[in-house]
Amino acid sequence: MRLVVVGGSLAGHRAALEARRRDEELEIIVVGDEPDPPYQRPPLSKGFLAGTVRRERLALRSSPGAYDLRLDTRAEHLDLSERVVHTNRGVVAFDLLVIATGASPLRPTSLAHPHVLTLRTLSDAVALRARLEPYTRLVTVGAGFIGLEVAATARERGASVHIVEADRRLLPRALGAGASAAIARWHEQHGVSLTVGATVAEVTDDGALLDTGSLLAADSVLVATGVRPNIGWLDHCLPTDPRLGVLADEYGRVGEGVVAAGDVTTWRHPGWDKPVRSEHFETAATQGVLAARTLLGSPTPWRDVPFGWSDQHGHLVQILGLPGPDAEEEQRSPTTYAYYRGERLEGFVLLDGADELVDRREELEVALGLR
Ligand SMILES: Cc1cc2nc3c(=O)[nH]c(=O)nc-3n(C[C@H](O)[C@H](O)[C@H](O)COP(=O)(O)OP(=O)(O)OC[C@H]3O[C@@H](n4cnc5c(N)ncnc54)[C@H](O)[C@@H]3O)c2cc1C
């Protein structure tokens, strides 16, 4: 019996390790298109970019020989009827399949220029780090978590930084206006310039030209306007959506002997009556484990409250549940923002409120009917 995992990063790695833990005999092949063995992405916008976390420290913990890892191998087509994956290095047959190909940054063609960078992989981070010097003028396009973290780290390295966001506030898709304003203050206090309600129309040798007509002088422009799931290789033979990726049930199932995990997918969740997308480290790790269990006959639903975190200017942001801009925000304390849809509590954002995490998670589990 052979399990093939496509995507050699967090979700795929965790799925492969869990499968090995449950079955010593199973043949496990992990196919990944990157040149590096599985590593953690969160430090790429923080400690690694700042130069305080060394490359060796990024590796995800593993057990030697747990699976056959095929690097530099890109899945190009899935043939579900023949149960094979076509890759740039040949055909790989499977009995069981984990789809864990993650997501890639949006790269608007209108912004193509040698000064433009994105950040997803280790090599992206190496390229960005090489440009961050005290004299660098960086523009980040998009005030999501990646853009804000890079802005904070670039300031730490002495660069001058200007954030441009199309919406009227920072983190417009992730949380509410009060928490967003508090985070904006951190950036302003650390000398980051903010322009909201404007877009970058073009990048030139001189910098970023805004749709308002003004030019922000820049040597480097980071485009961080969101990601899209890597589903092109699936050839539409499974249920997918361009934004949500592979549509899975709360066990990660998408077909007979086929599961998906991590940023490439959106799972059902018993706490909500809609698919729940959560592009966070903990979600990818958990779903990897659960997906393997589903394939190997011990299905366990995803019941964890979605959780993510971010570090900016030495402050910690923690997100529980689904805060989102469509929810009503209530500030409960200087550190705690609660989010309601109708009467129902659906999320929290904690700003330097780590002490609250356990209690707020429990409160949310009760509100969502998960305990
Ligand atoms: C810079 C950065 C900072 C982050 N910081 C945080 C944080 O502070 N907190 C937090 O909660 N989350 C954070 N995240 C999010 C978190 O890292 C992701 O949710 C997580 O990496 C998702 O894991 P994944 O395995 O699903 O996908 P990915 O990590 O995207 O891995 C997918 C892998 O599949 C490969 N692949 C894609 N297509 C193919 C193909 N056709 N064939 C073969 N291989 C393929 C990709 O190259 C990649 O190696 C951060 C992400 C980034 C990029």
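Residues numbered from 1 in each chain as written. Predicted model: local features only at pLDDT ≥ 70, side-chain atom pairs only at ≥ 80, totals over all residues. Heavy atoms only, no water.

> Would you mind going over the environment of Ala-112 with me for this structure?
In this fold, Ala-112 is placed in the loop between β8 (103-105) and β9 (116-117). Given the relative accessible area of 61%, Ala-112 is considered exposed. Sequence separation between Ala-112 and Glu-27 is 85 residues; the distance between their C-alpha atoms is 43 Å. (Helix = DSSP H or I, 4+ residues; strand = E, 2+ residues; numbered from the N terminus. Buried < 20%, exposed > 50% of the residue type's maximum accessible area, 1.4 Å probe, protein only.)

> Just to check I follow, could you spell out the site of the ligand for this structure?
Taken together, 35 residues lie around the ligand, and Asp-33, Glu-34, Arg-41, Lys-46 and Arg-120 are the ones closest in. Backbone polar atom of Leu-10 to an oxygen atom of the ligand: 3.3 Å apart, as the coordinates give it. Lys-46 is positioned such that a nitrogen or oxygen atom in its side chain is 2.6 Å from an oxygen atom of the ligand. Notes on the ligand: free accessible area 1000 Å², of which the protein chains cover 96%. When contributions to the shell around the ligand are tallied by element, the ones reaching two or more residues are α1 (10-22), α4 (145-156), α6 (281-295) and β23 (307-312). In the shell around the ligand, the residues fall into 15 nonpolar, 11 polar and nine charged. Shared between two domains, the shell around the ligand holds at least three residues of each, these being domain 1 (2-104 + 227-295) and domain 2 (108-223). (Near = heavy atom within 4 Å. Polar contact = N/O pair within 3.5 Å; in protein donor to acceptor, adjacent residues only side chain to side chain. Areas by Shrake-Rupley, 256 points an atom, 1.4 Å probe, with all protein chains shown as cover. Nonpolar A, V, L, I, M, F, W, Y, C, P; charged D, E, K, R; others polar. Domains from an automatic or database assignment.)

> Is there a simple way to think about the packing of aromatic side chains in this case?
Aromatic rings in a pair are described by how distant their centres are and how their planes are angled relative to each other. On inspection of all chains with the given rule, the structure shows two aromatic pairs. Relative to Trp-302, the ring of Trp-267 has its centre 6.1 Å away and its plane inclined at 85°; by these criteria the two rings are edge-to-face. Taken as a pair, Trp-267 in strand β22 (residues 265-267) and Trp-302 in the loop between α6 and β23 lie far apart in primary sequence, 35 residues in all. Of the residues examined, Trp-302 reaches a relative accessible area of 2% and is grouped as buried. On the basis of an interplanar angle of 70° and a centroid distance of 5.9 Å, the ring pair of Phe-281 and Trp-309 is categorised as edge-to-face. Of this pair, Phe-281 sits in helix α6 while Trp-309 is found in strand β23, placing the two residues 28 residues apart along the sequence. On the accessibility criterion, Phe-281 (24% relative accessible area) is partly exposed. Taking the relative accessible area as the measure of exposure, Trp-309 reaches 30% and is therefore partly exposed. A cation over a ring is seen here: Arg-360 above Phe-348, with NZ or CZ 5.7 Å from the ring centre. (Phe/Tyr/Trp six-rings, centres within 6.5 Å; stacked < 30°, edge-to-face > 60°. Lys NZ or Arg CZ within 6 Å of the ring centre and 35° of its normal.)

Scope: geometric values only; no functional claims are made or implied.
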